[in-house]
Amino acid sequence: MADDSQQRVAKLMAARGLCSRREAERLIDAGCVLVDGEVVRQQGAKAADDARIEISGAGEALLGGRETVIVNKPIGLVSTQPEPGQTPAWTLITAATQRGAIDRAQRDQIIAAARELSVAGRLDRASRGLLVLTQDGTVARRIIGGNGVEKAYLVAVTPAPRDEQIRKLNGPLRLDGVALRPMRVTRAGAEGLRFVLVEGRKHQIRRCCRTVGLEVTDLQRIAVGPLRLGDLPEGCWRVVSTEEIELLQSDGRVSSRAEAKVPKASTQRRRGAESTEKRRR
């Protein structure tokens, strides 16, 4: 019997990045979800937070063949469920903002399904850059599930970082009393830093910088494993290729090509985000 400490199975699946909540509901209807080894068929079924939740082989087949896209999210948009007055990143997925060579039918299908795409690795409202949205539960699990997929960020800070501060950022460090997994922090220009990490505690980079006397003025994610932001314009999106998906599944390291100099982030960046918002309206 479920108690008040338990949550709906579909909600737990979405929170763990197994799939979207709607996908979870369809999988439950199809009898493809197992909780602690038992098949779940009731939509309102609940489970403990630490329950073992699995998707059967038939369920994996249902999730397979789904689209994955990269969005270059501007500052001001949210990657998760928006609160009143906030704009979610999936609204950027339009015909006008699509980049790369795909056929019109595929493009229209992705646009129609944009609202249901799952975010694989959140990016907070004050940050910008590479955001992965996917229909493929295996991609979401690979990125979110603590599987060692590296994420790279270019971070502008003030004041200019000293060698001693960079040394401290390379650890060991703790947040909320918990030891962080090691980060690789190097210089990126005179006033910037490049972070590579394999976990993403809430505001981790900003909070770590604050502990050593640095304030983040701009934070841009440039890579998730082999998936690179590249020259994708801000506010635009592209489809992730089959080859990129295969590489992500086999190797979670950030490509050595995902290097760049941190640009100066200031009012111009914020104005760009405001312009993107106005164009969508």
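Note that the coordinates shown come from a computational prediction; the quantities given were computed from them, not determined experimentally.

Some details on the overall build of the protein
Turning to step 1, where the next piece is worked out: A count of helices and strands for the protein gives 9 helices and 16 strands.
Turning to step 2, where the next piece is worked out: Buried positions account for 48% of the 281 residues belonging to the protein.
Turning to step 3, where the next piece is worked out: Contacts spanning at least 24 positions in sequence make up 72% of the contacts within the protein whose residues lie at least 6 apart.
Turning to step 4, where the next piece is worked out: By element, 47% of the accessible surface of the protein is carried by carbon and sulfur atoms, the whole surface being about 14,600 Å².

What about the pairing of strand β6 (residues 68-73)?
Turning to step 1, where the next piece is worked out: Of all 6 residues that make up β6, 6 are buried, and the element is covered over most of its length.
Turning to step 2, where the next piece is worked out: Judged by which residues are buried, β6 turns out to be covered on both faces: Thr68, Ile70 and Asn72 on one side and Val69, Val71 and Lys73 on the other are all buried.
Turning to step 3, where the next piece is worked out: Where β6 lies against strand β8 (residues 128-134), 6 bridges are found, and the strand directions are antiparallel. Considered in β8, the bridge of Val69 is made with Leu133.
Turning to step 4, where the next piece is worked out: As judged from the 3 bridges shared by β6 and strand β16 (residues 237-239), these two strands associate in the antiparallel manner. Residue pairing across strands places Ile70 opposite Arg238, the latter belonging to β16.

Brief notes about the side chain of Arg221
Turning to step 1, where the next piece is worked out: By the secondary structure assignment, Arg221 is in strand β14 (residues 215-224).
Turning to step 2, where the next piece is worked out: An unpaired buried charge is present at Arg221: no salt bridge exists, and Asp124, the closest side chain of opposite charge, is 9.0 Å distant.
Turning to step 3, where the next piece is worked out: For Arg221, the side chain forms a polar contact with the main-chain oxygen of Gly121, separated by 2.9 Å.
Turning to step 4, where the next piece is worked out: In this structure the side chain of Arg221 is engaged in a polar contact, spanning 3.1 Å, whose partner is the side chain of Tyr153.
Turning to step 5, where the next piece is worked out: Each residue touching Arg221, except ones within four places of it in the same chain, is listed here: Gly121, Arg122, Leu123, Arg128, Gly129, Leu130, Leu131, Lys151, Ala152, Tyr153 and Leu229.

Some remarks on the confidence of the model for the protein
Turning to step 1, where the next piece is worked out: Mean pLDDT over the protein works out to 85, with 87% of the residues at or above the 70 mark.
Turning to step 2, where the next piece is worked out: Here residues 259-281 is modelled with pLDDT under 50, and outside its nearest four sequence neighbours on either side it reaches 35 contacts, counting other chains as well.

Structural notes on the nonpolar core
Turning to step 1, where the next piece is worked out: Counting 34 residues, the largest nonpolar core has Val69, Ile93, Leu169 and Phe195 as the members making the most contacts within it.
Turning to step 2, where the next piece is worked out: Those elements giving two or more residues to this core turn out to be β6, β8, β9 (151-158), α6 (163-169), β13 (192-197), α7 (204-211), β14 and β16.
Turning to step 3, where the next piece is worked out: Sequence-distant contacts of Phe195, that is, excluding residues within four places in its chain, are made with Lys151, Ala152, Tyr153, Val155, Leu169, Met183, Arg184, Val185, Ile205 and Cys209.
Turning to step 4, where the next piece is worked out: Core analysis: the second largest hydrophobic core is formed by 18 residues, Ala10, Met13, Val35 and Ala51 among them.

Quick look at the sheet that holds strand β3 (residues 38-40)
Turning to step 1, where the next piece is worked out: Pairing within the open sheet is antiparallel, and its 3 strands lie in the order β3-β2-β5. Two strands lie at the open edges of the sheet, namely β3 and β5 (53-55), each paired on one side alone. Going across the sheet, the axis of each strand differs from the next one's by a mean of 35°, ignoring polarity.
Turning to step 2, where the next piece is worked out: Across 3 bridges, strand β2 (residues 33-35) lies against β5 in antiparallel orientation. Within β5, the position partnered with Val35 by the bridge is Ile53.

A look at unusual backbone geometry
Turning to step 1, where the next piece is worked out: In this structure, Pro159 follows Thr158 across a cis peptide bond, with omega equal to -5°.
Turning to step 2, where the next piece is worked out: Looking at the element boundaries, Pro159 is found in the loop between β9 and α6.
Turning to step 3, where the next piece is worked out: The omega torsion across Gly171 and Pro172 is 5°, close enough to zero to call that bond cis.
Turning to step 4, where the next piece is worked out: Here the phi dihedral of Asp176 falls at roughly 55°; this positive angle occurs in a residue that is not glycine.

Focus: the pattern of salt bridges
Two side chains bearing opposite charge may form a pair once their charged atoms approach each other closely.
Turning to step 1, where the next piece is worked out: All told, the structure shown has 14 salt bridges when counted by the stated rule.
Turning to step 2, where the next piece is worked out: The salt bridge partner of Asp218 is Arg128, with a shortest N-O separation of 2.8 Å. Here Arg128 lies in strand β8 and Asp218 lies in strand β14, a separation of 90 residues in the sequence.
Turning to step 3, where the next piece is worked out: Of the residues examined, Asp218 reaches a relative accessible area of 2% and is grouped as buried.
Turning to step 4, where the next piece is worked out: Overlapping salt bridges, with partners in common, bring together Arg104, Arg107 and Asp108 in one network.

Here's the deal with a positive patch on the surface
Turning to step 1, where the next piece is worked out: A cluster of basic side chains, namely Arg8, Lys11, Arg21 and Lys46, defines a positive patch on the protein surface.
Turning to step 2, where the next piece is worked out: Positionally, Lys11 belongs in helix α1 (residues 9-15).
Turning to step 3, where the next piece is worked out: The exposure class of Lys11 is partly exposed, given its relative accessible area of 40%.

A word on the environment of Glu215
Turning to step 1, where the next piece is worked out: Within the fold, Glu215 resides in strand β14.
Turning to step 2, where the next piece is worked out: Residues Glu215 and Ala156, 59 residues apart in the sequence, show an inter-C-alpha distance of 8.5 Å.
Turning to step 3, where the next piece is worked out: Beyond its immediate sequence surroundings of up to four residues, Glu215 is in contact with Ala156, Val157, Thr158 and Arg210.
Turning to step 4, where the next piece is worked out: Here the side chain of Glu215 touches Arg210 through a polar contact of 3.5 Å, side chain to side chain.

The rules we used
Residues numbered from 1 in each chain as written. Predicted model: local features only at pLDDT ≥ 70, side-chain atom pairs only at ≥ 80, totals over all residues. Heavy atoms only, no water. Helix = DSSP H or I, 4+ residues; strand = E, 2+ residues; numbered from the N terminus. Buried < 20%, exposed > 50% of the residue type's maximum accessible area, 1.4 Å probe, protein only. Contact = heavy atoms within 4.5 Å. Areas by Shrake-Rupley, 256 points an atom, 1.4 Å probe, with all protein chains shown as cover. Pairing = 2+ DSSP bridges. Lys, Arg positive; Asp, Glu negative; His and termini not counted. Salt bridge = Lys/Arg side-chain N within 4 Å of Asp/Glu carboxyl O. Polar contact = N/O pair within 3.5 Å; in protein donor to acceptor, adjacent residues only side chain to side chain. pLDDT = per-residue confidence, 0-100. Core = buried A, V, L, I, M, F, W, Y, C linked by side-chain atoms within 4.5 Å. Axes fitted to C-alpha atoms, helices over the stretch in contact; angles between N-to-C directions. Patch = residues over 30% accessible without salt bridge, like charges linked within 9 Å, V, L, I, M, F, W, Y side chains within 5 Å. Charge placed at Lys NZ, Arg CZ, Asp CG, Glu CD.

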